[in-house]
Every structure is written in C-alpha cells, then in structure tokens.
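Chain by chain, the residues:
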Amino acid sequence: MMPLGGTDAKFKVDDDLISTIEDAGVQAVKVTIDVTGEKLSLGASFPSAPLDEVFKGIQGSVEEKVPCLIVAKLLDADKSVDAGPKDLALFGYMPEGSPPKLRMLQASSRKTMKEALSGWSIREVVAGEASELSRTHFVESTRSMTAEERRDAMSREELEREEVQKQVSKEQSAAPRMMAGMASLKIEADPSFIDGCAAAKEGEKACVAKIEGDKTTTLTGSVLEGISKPSDLKGKLPDDQPCYVLLKNSEAEGRLVLVSWLPDNVAARARMKFSSFKASVVSMVKSETGADKLATSEVTDQDDLTDDIGVQVEHGENESPSTEDKPKTGFKPPVGGFALPGMGMGLPRH
C-alpha cells in the first residue's frame, strides 16, 4: 500500500461498509477516513426514508473540521429525485478549516470509494458545510448548466487568470530588464535575511525567508533554533503562507538545503509571485553563503519534510553538468564519405 503522503494515496475499504450500502433497508451511510489504519470504514448508517429526512440525520452526524464521505441511495419512497435503484450520490464533505492533509486524503478517498462501488451509477457532489448535505444541494449541483451559466463561469475563471497575470506583469515591469533566458525577478535582501543565512551556514539553525512588499520587494529572514535536518521543521512552518527555508542537513553530509515551502491552501496570486522570485532567491543564498551548489526542493505538506532532502545536490544555478557527463558530439561523415579538414575530426595524416 502506498504511503498516505499524496493525492494517489490508497485506502482499504471495509467489507461491512460495502455490505451496509447494499442493504435494502439502508438509505445512506457516513464513511469515516481512518488515516492511522489506512482504511475507509462505516461511521454511521441511516435507514430507508424520504431523502429530506435522511439528510437531516446526516447533517447532525458530521463533525466540524473533520472531512468524511456520505453515500446515499437516490431512489427513496417519495421518488423525490429522478433516479433508479442503482443510482448513488457520493458527497465529499470538506468543512472549512479542515487540515490540508485531511482535505487531500478525502479527495483521494472518493476515487477509492467509486472503485469499490463499480456496479453502481455514482454522481459526485462536494459539500463545504453541513447544510449542503441535502437533497436540494445535490439537485442544484448536478443539474446541467445553462449556456448563460457556462459563460458566467468561464468569465470568472478568465478574470481570475487575468488578475494573476496582471500582478506578475507588474512585478516584471518594475524589475530591471534582463537578457533572454534570465527570467528571474529582482529582489532586495534585508539585513535580517543576510544574518539568517550566516546562522544557517553554521548549522543547528534554519533561516526562514519571506517575500515582503509590493512596490519594493524585499526578502526578510528569521532564525529557527535547533534545526539540523528537514524533519525538524515539521509543525514550525506557516500553513497559509509560502516561504524559503535554508538549513544544513546533518543527514546529507551537512549540505546546505533550500526548501521552498508552498502549502496547498496558498492563494494563486501569492503562489505565482513566490515561484517568480525563486531563481533570484537561489542566487542570493549562494552569494551570502559562498555555496557553489545548493540542493533545492519544493515541499507542499509537512509529511514531505523528510531527511533525504539534499542527499543529491543539484547543479548550481549557472552551472552545467561536468564534462564527463556530456555526450561526445562532433561531425560524423556519412557511410562511404570522409571528413574534410576543420569538420571536427582533425586534419588528415600524411
């Protein structure tokens, strides 16, 4: 079974969960996500009744900040929804404030649940609050959009992309013009960042660097004590703000490592800005530490702060692989031909 560290996590589905769903006397079930046991299990069952009545019971069973799944048979005694006996609704309940890790695992578990119920016709709905666990929300979410609604939705997406692009363009226009291929943006180093780099270079400390300001972009730094490897950072980084973390990894021969901390719930604009300055930050870190090479890694989840980061050092920003790694190139004459002087194979011998 794959570790539950990403969106491809695999869960085991309890047999009694499936048998309860298939029970003719059951209208719906609540599915709990057991992270420790790596399984989906039966949290509660609701007997056959009109859907509106069943969903009232479901709303009272869910917990704040605890994602879960709800599986409901759509055919009820009142025939309140146009559905057949093998039609199911799969609600992904993802309340506001849920830990990012649980939100990610809940999204993955929906795929596992659908695979386990392959003989059923399933329609998925996402609910962000308990009141949305309802027949009304299901009908509204699954009905076909009108042409006007599709145009409105498309316009909102385009406006959001345009807003992000404007912000990036603003940052780029404010930066000094660079030659082709040099896409990194200009950023100023605050004295706190310089001091933080010096502290991280000594070891047992980490420099947490953040991008501050709009018109004048500055890289500030703060020092975390007692950090000798990436796993020491768990629980010490912000869950809603990106930052760069420089440290000496004692598990990787004391190499300097630059972690780009980019949690999942960071806004699109902040994510874009953070990525745009990465090349400049790498260059500044090398300048302040005197490092020729710097291991870099982008991390989005606390569980991915593992001590193998930095075991393999990346080539420097302006470096290329050693000549031993480069394939031998040069002119090769066609079959039956020969190389003329100056064509890469040396002068002919006399």
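Before any of the text, the structure's been laid out above.
Residues numbered from 1 in each chain as written. Predicted model: local features only at pLDDT ≥ 70, side-chain atom pairs only at ≥ 80, totals over all residues. Heavy atoms only, no water.

**Student:** Before we move on, could you go through the overall build of the protein and cite the residues and values that matter?
**Tutor:** Scanning the protein for helices and strands turns up 8 helices and 12 strands. In the protein, which comprises 350 residues, the proportion classed as buried is 38%. Long-range contacts, defined here as pairs at least 24 residues apart, represent 60% of the contacts in the protein between residues at least 6 apart. Roughly 20,100 Å² of accessible area belongs to the protein as shown, and the carbon and sulfur atoms make up 50% of that amount. (Helix = DSSP H or I, 4+ residues; strand = E, 2+ residues; numbered from the N terminus. Buried < 20%, exposed > 50% of the residue type's maximum accessible area, 1.4 Å probe, protein only. Contact = heavy atoms within 4.5 Å. Areas by Shrake-Rupley, 256 points an atom, 1.4 Å probe, with all protein chains shown as cover.)

**Student:** Can you break down the layout of surface pockets residue by residue, with the values?
**Tutor:** The calculated volume of the largest pocket comes to roughly 200 Å³. Contributing to the lining of the largest pocket are Ile211, Glu212, Gly213, Asp240, Gln241, Pro242, Val266, Ala270, Lys273 and Phe274. Those elements giving two or more residues to the lining of the largest pocket turn out to be strand S8 (205–212) and helix H7 (268–276). Among the elements that take part in the lining of the largest pocket, H7 stands out by supplying 3 residues, more than any other. (1 Å grid on protein atoms, 1.4 Å probe; cavity = no way out; pocket = protein on both sides within 12 Å on 5 of 7 lines; lining within 4 Å. Points joined across faces, edges and corners; volume = space filled by probe spheres on them.)

**Student:** I'd love a proper account of the sheet that holds strand S6 (residues 121–127), names of residues and values included.
**Tutor:** The strand order S1-S3-S2-S4-S5-S6 describes an open sheet built from 6 strands, whose pairing is mixed. What marks the edges here is a single partner per strand, and that holds for strand S1 (12–13) and S6. Looking at chain direction, strand S4 (residues 68–73) and strand S5 (residues 87–93) are connected through 6 bridges and run antiparallel. From the neighbouring strand, valine 71 faces S5, where its bridge partner is leucine 90. (Pairing = 2+ DSSP bridges.)

**Student:** I'd love a proper account of the side chain of aspartate 232, names of residues and values included.
**Tutor:** Position of aspartate 232 relative to the elements: it lies in the loop between strand S9 (218–225) and strand S10 (243–249). Given the relative accessible area of 18%, aspartate 232 is considered buried. Non-local contacts of aspartate 232, meaning those with residues more than four positions away in its chain, are made with Gly226 and Ile227.

**Student:** Describe the pairing of S9, naming the residues involved and giving the relevant values.
**Tutor:** For strand S7 (residues 188–189) and S9, the ladder comprises 2 bridges, and the chain directions are parallel. Following the sheet pairing, glutamate 188 is matched in S9 by threonine 218. Pairing of S8 with S9 involves 8 bridges; the strand directions are antiparallel. Note on S9: the bridge partner recorded for lysine 210 is threonine 220.

**Student:** Give a detailed account of the nonpolar core, specifying residues and quantitative values.
**Tutor:** Residues Phe193, Leu219, Tyr244, Leu246 and Leu258 are the most contacted members of the largest nonpolar core, which totals 21 residues. Broken down by secondary-structure element, the contributors of at least two residues to this core are helix H6 (191–202), S8, S10, strand S11 (255–261) and helix H8 (278–289). Tallying contributions element by element places H8 first for this core, with 4 residues. Apart from residues no more than four positions distant in its own chain, leucine 258 is found in contact with Tyr244, Val245, Leu246, Val281, Val282, Val285, Leu294, Ala295, Thr296 and Ser297. (Core = buried A, V, L, I, M, F, W, Y, C linked by side-chain atoms within 4.5 Å.)

**Student:** Describe the pattern of salt bridges, and please don't skip the residues or the numbers.
**Tutor:** Between side chains of opposite charge, a pair can form as their charged atoms come close. Taken as a whole and judged by the stated rule, the model has 5 salt bridges. Its salt-bridge partner being arginine 135, residue aspartate 52 comes within 2.9 Å of it at the nearest N-O pair. Of this pair, aspartate 52 sits in helix H2 (residues 51–61) while arginine 135 sits in helix H4 (residues 135–142); the two residues are 83 residues apart in sequence, bridging distant segments of the chain. Looking at aspartate 52, the relative accessible area reads 40%, which means it is partly exposed. (Salt bridge = Lys/Arg side-chain N within 4 Å of Asp/Glu carboxyl O.)

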